[in-house]
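One-letter residues, chain by chain:
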Amino acid sequence: MSTLTSRTKEQYWIDLAVELSARFALSAAETDRKAELPKDNLRLLFERGLDTAILQEEKGGAGISYATFGRIVFEIARGCPSTACVWLMNTSAAESLITLSNPEKSDYYLHQWKQGKRFANALSEPSSGNLFLNPVQEATPLGDGDWSLDGAKRFVSGSEWADFFLINVSIDGAPAFFGVERDETVEIHEIWDALGMRGTRSQLIGFNETRLRADNRFGQVASTRQNLIALGLPWLSLGIAQSAYDALIAQAQGKKLSDGKPLSHVQWIQYETAEIHVRLKAAKLLAEHLLDLADAGSEQTIVVSMEAKILANQIGKDAADLGLRVGGGLAFTRALPFERHLRDAQAGGLMAYSSELCKLFVGKNELNVREQG
Ligand SMILES: Cc1cc2nc3c(=O)[nH]c(=O)nc-3n(C[C@H](O)[C@H](O)[C@H](O)COP(=O)(O)OP(=O)(O)OC[C@H]3O[C@@H](n4cnc5c(N)ncnc54)[C@H](O)[C@@H]3O)c2cc1C
C-alpha cells in the first residue's frame, strides 16, 4: 500500500471519529445528568467499525497506527468523555485478550469482539488502584490447574454491560493476568455516584470464588508491547481540554459587555487564552510524540506516556477553569458546559497512574533515583 493510500485510510478513521463525535456532543450533557452508559454511542462506534480498527488487517481490523488511535480517542472525548473512556477500556481490554492469549482463546475473543460483545478492564483493587500492576489479592489454586478469585475490583468502566473482563491477581506474590467471562460469580455493586465522567458507570465488582482458568492466563509480554490505555489516557484529558477551549473561545467572542464589545476584547482573557492555547498545543505535541514512539516500537513510551499524562491532565482542568471564569455566573450552572468540563477533567489525574505517581516516576527517572518506594 502506498504512503498516500495509507494516509487516506488513516484519515478515513479520523474523519469518522469527528463525524460521530459531533453527534455524541448533542447528548453528552444528558449522559452526564442521568449518569447513564452512552450505549447508543458505543453501539454506533462498533457498527461503524471503530472498535476493531486497531487490529491488524489479517485479524479483520484496519491496521490503523497508534497515531490514529490516539486521535480517535481525542475526537470522541471532545464530544463525550464518558463514551471515550468506556470505548478506550473496551478496546484495550479486548485487544490485550486477543493479543496475549493462547491461539485458541485469542480466536475466541476475536470472534466475540467482532460479534459486538463487550470487554472491560477490572484491574484496580480497592486497596490501591494506582498499584494495579502489583495486585495484592491472591488467587487460590483449585488443584486442577485453575485458580479461584474471591475478592473485588473497583472503578470498572462499562462493567454493567461487559461480557468479558481483563483481570489481574497475585499468584505466589507475582502478578498474573487472566480473561474472565462473566458468569453468576461476578457481582456488580452500584457505587458510581460520581463527580464527573458519570456516564462511565465505573462500578465495584465482586468476584465470588470466580474460576480463573489456566488456559485464560496471559503468556509473557514483550517489552516493546504498547499499552493502549497508556497511549489513550492523555488524549482523553486533551479531548476534554479542547472541548472546554473551543467553548470558551465561542463564549468570549459571542458575549458582549455593556460597552457593546465582546468579552474577547478584555485583556486578561486575551492573556489567559494565550496561556491555555500554548500549553494545550504543547501537551498535544508531546502526546503526538508519544504515539510516534509507539508506532516506532520504542520502549521509551512508558516514561513518555507519564510525561504526556502530566501535561494533559493539568491542561484539561485549567482550560475548564478558564472557561468557568470567562462564562461567569452562568458557567456555574448547566446553561454552559464548563461545569461539566471541570468535573470530567478531574478524572484524568486520578486515573492510574495518577498525576502524582507520574511525577514521582518522571522525577526519579530524571534524578536517576533507583531505590524502590
Ligand atoms: C472515571 C474513572 C474510570 C476508571 N476506569 C477504570 C477501569 O475501567 N478499570 C480499572 O481497573 N480502573 C479504572 N479506574 C481506576 C483508576 O485507574 C485508578 O486505579 C483509581 O482511580 C485510583 O484510585 P484509588 O482510590 O485506588 O487511589 P490510590 O491508588 O489509593 O491513590 C490515592 C492517592 O494516593 C496517591 N498514591 C497512591 N500510591 C502512591 C505511591 N506509591 N506514592 C505516592 N502517592 C501514591 C495517589 O496519587 C492518590 O493521590 C477508573 C477511575 C476513574 C476515576
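So, a few notes on the structure that sits alongside this text. Per chain, residues are indexed from 1 in the order of the written sequence. With pLDDT at 70 or above as the cut-off, local features in this predicted model cover only qualifying residues; side-chain atom pairs require 80 or more to be listed or tallied, and sums for whole chains, interfaces and linings still use all residues. Where side-chain values are given, they derive from all heavy atoms of the structure, hydrogens and water being excluded.

## Concerning the site of the ligand
Around the ligand, the surrounding shell holds 21 residues, and the nearest of these are Asn121, Ser124, Gly129, Phe155 and Ser354. In the analysis that follows, any N or O atom pair within 3.5 Å is treated as a polar contact, provided that within protein one partner can donate a hydrogen and the other can accept it, and provided that, for residues neighboring in sequence, both atoms belong to side chains. Contact distances for the ligand include 3.0 Å between an oxygen atom and a side-chain N or O atom of Asn130. Of all the secondary structure elements, the ones that give two or more residues to the shell around the ligand are strand 3 (147–156) and helix 10 (355–367). Of the residues assigned to the shell around the ligand, the class counts are eleven nonpolar, eight polar and two charged. Split by domain, the residues of the shell around the ligand number at least three in each of domain 2 (119–216) and domain 3 (228–367). Throughout, the term near means that a residue has one or more heavy atoms lying within 4 Å of the molecule or strand in question. Runs of E in the DSSP output that reach at least two residues are strands. Runs of H or I that reach at least four are helices, and both are numbered from the N terminus. Amino acids outside the nonpolar list (Ala, Val, Leu, Ile, Met, Phe, Trp, Tyr, Cys, Pro) and the charged list (Asp, Glu, Lys, Arg) are all regarded as polar, and Gly is one of them. An automatic or database domain assignment is the source of the domain bounds shown.

## Digging into the sheet that holds strand 1 (residues 119–122)
Note: two strands are recorded as paired if DSSP finds a minimum of 2 bridges between them. Spatial ordering of the open sheet is given by 1-4-5, a layout of three strands whose pairing is mixed. Unpaired on one side and paired on the other, strand 1 and strand 5 (174–181) mark the two borders of the sheet. This sheet shows a mean twist of 25° between the axes of neighbouring strands, independent of strand direction. Here strand 1 runs beside strand 4 (residues 164–171); their pairing, made up of four bridges, is parallel. Of the residues in strand 4, the one forming a bridge with Ala120 is Phe165. Axis angles are defined between N-to-C directions and span 0 to 180 degrees, where every axis is a line fitted to C-alpha atoms and, for a helix, only to the segment in contact.

## Focus: the nonpolar core
What makes a nonpolar core is a set of buried Ala, Val, Leu, Ile, Met, Phe, Trp, Tyr and Cys residues whose side-chain atoms join them at distances within 4.5 Å. Relative accessibility decides the category of a residue: with a 1.4 Å probe and only protein chains considered, values under 20% of the type maximum give buried, values over 50% give exposed, and everything between is partly exposed. Among the nonpolar cores identified, the biggest contains 73 residues, and Trp87, Leu236 and Leu238 are the most heavily contacted of them. Counting residues per element, this core draws most heavily on helix 6 (residues 228–254), which supplies 14 residues. Each of domain 1 (3–114) and domain 3 (228–367) accounts for three or more of the residues forming this core. Setting aside its immediate chain neighbours within four residues, Trp87 contacts Leu42, Leu45, Leu50, Asp51, Phe69, Ile72, Val73 and Ile76. Counting 18 residues, the second-largest nonpolar core is a separate cluster that includes Phe165, Ile167, Val180 and Ile205. The contact rule is simple, with two residues in contact once any of their heavy atoms fall within 4.5 Å.

## As for the state of the cysteines
Note: disulfide means a covalent bond formed between the sulfur atoms of two cysteine side chains. Two cysteine sulfurs form what is called a disulfide whenever their separation falls within 2.5 Å. Tallying each qualifying case throughout the model produces zero disulfides. There is no disulfide at Cys85, and the cysteine sulfur nearest it, in Cys80, is 10 Å away. Cys358 carries a free sulfur, and the closest cysteine sulfur to it, the one in Cys85, is 15 Å from it.

## A word on the packing of aromatic side chains
The criterion for an aromatic pair is that two Phe, Tyr or Trp rings (for Trp, the six-membered ring) have centres within 6.5 Å, with stacked assigned to planes under 30 degrees apart, edge-to-face to planes over 60 apart and tilted to the rest. A complete count under the given rule lists 14 aromatic pairs for this structure. Residues Phe177 and Phe218 carry aromatic rings whose centres are separated by 6.2 Å and whose planes lie at 10° to one another, so their mutual orientation is stacked. Linking Phe177 in strand 5 with Phe218 in the loop between strand 7 (203–212) and helix 6, this pair joins segments that are 41 residues apart in sequence. Taking the relative accessible area as the measure of exposure, Phe177 reaches 21% and is therefore partly exposed. Given the relative accessible area of 12%, Phe218 is considered buried. Here a set of aromatic residues connected by ring pairs shows up, and it is made of Tyr108, Tyr109, Trp113, Phe119 and Phe164. Above the face of the Tyr108 ring, Lys105 is positioned so that its terminal group lies 5.5 Å from the ring centre. Counting as a charge over the ring demands two things of the Lys NZ or Arg CZ atom: a distance within 6 Å of the ring centre and an angle within 35 degrees of the ring normal.

## Here we look at unusual backbone geometry
Omega for the bond connecting Ala352 with Tyr353 falls within 30 degrees of zero, at -10°, which places this linkage in the cis form. Inspection of the secondary structure puts Tyr353 in the loop between helix 9 (338–350) and helix 10. The residue Glu209 is not glycine, and still its phi comes out positive at about 50°. Tracing the chain through its elements places Glu209 in strand 7. Notably, Asn368 is not glycine yet its phi reads approximately 60°, a positive angle. By the element assignment, Asn368 lies in the segment after helix 10.

## Comments concerning the sheet that holds strand 2 (residues 140–141)
Judged by pairing direction, the sheet is antiparallel, and its four strands sit side by side in the order 2-3-7-6 without closing on themselves. One side of each edge strand has no neighbouring strand; the edge strands of this open sheet are strand 2 and strand 6 (186–189). Two elements, strand 2 and strand 3, share two bridges in a ladder whose sense is antiparallel. Among the inter-strand pairings, Pro141 is bridged to a residue of strand 3, identified as Trp147.

## Section: empty space enclosed by the protein
Here a cavity means grid points, on a 1 Å grid over the protein atoms only, where a 1.4 Å probe fits yet cannot get out; a pocket means an open set of points with protein on both sides within 12 Å along at least five of seven lines; lining residues are those with an atom within 4 Å of a point. Grid points are joined across faces, edges and corners, and a volume is the space filled by probe spheres set on the points. Summed over the entire model, instances satisfying the criterion amount to one cavity of 30 Å³ or more. Considering only enclosed or pocket space, the largest cavity measures out at about 50 Å³ in volume. In this structure, the largest cavity is lined by Ala28, Thr31, Asp32, Cys80, Pro81, Ser82, Met197, Arg198, Gly199, Arg340 and Asp344. At the level of elements, helix 1 (3–34), helix 4 (81–100) and helix 9 are the ones that each hand at least two residues to the lining of the largest cavity. The leading source of residues in the lining of the largest cavity is helix 1, at three residues. For the lining of the largest cavity, the class distribution of residues is four nonpolar, three polar and four charged.

Purely spatial values, then, with no claim about function.
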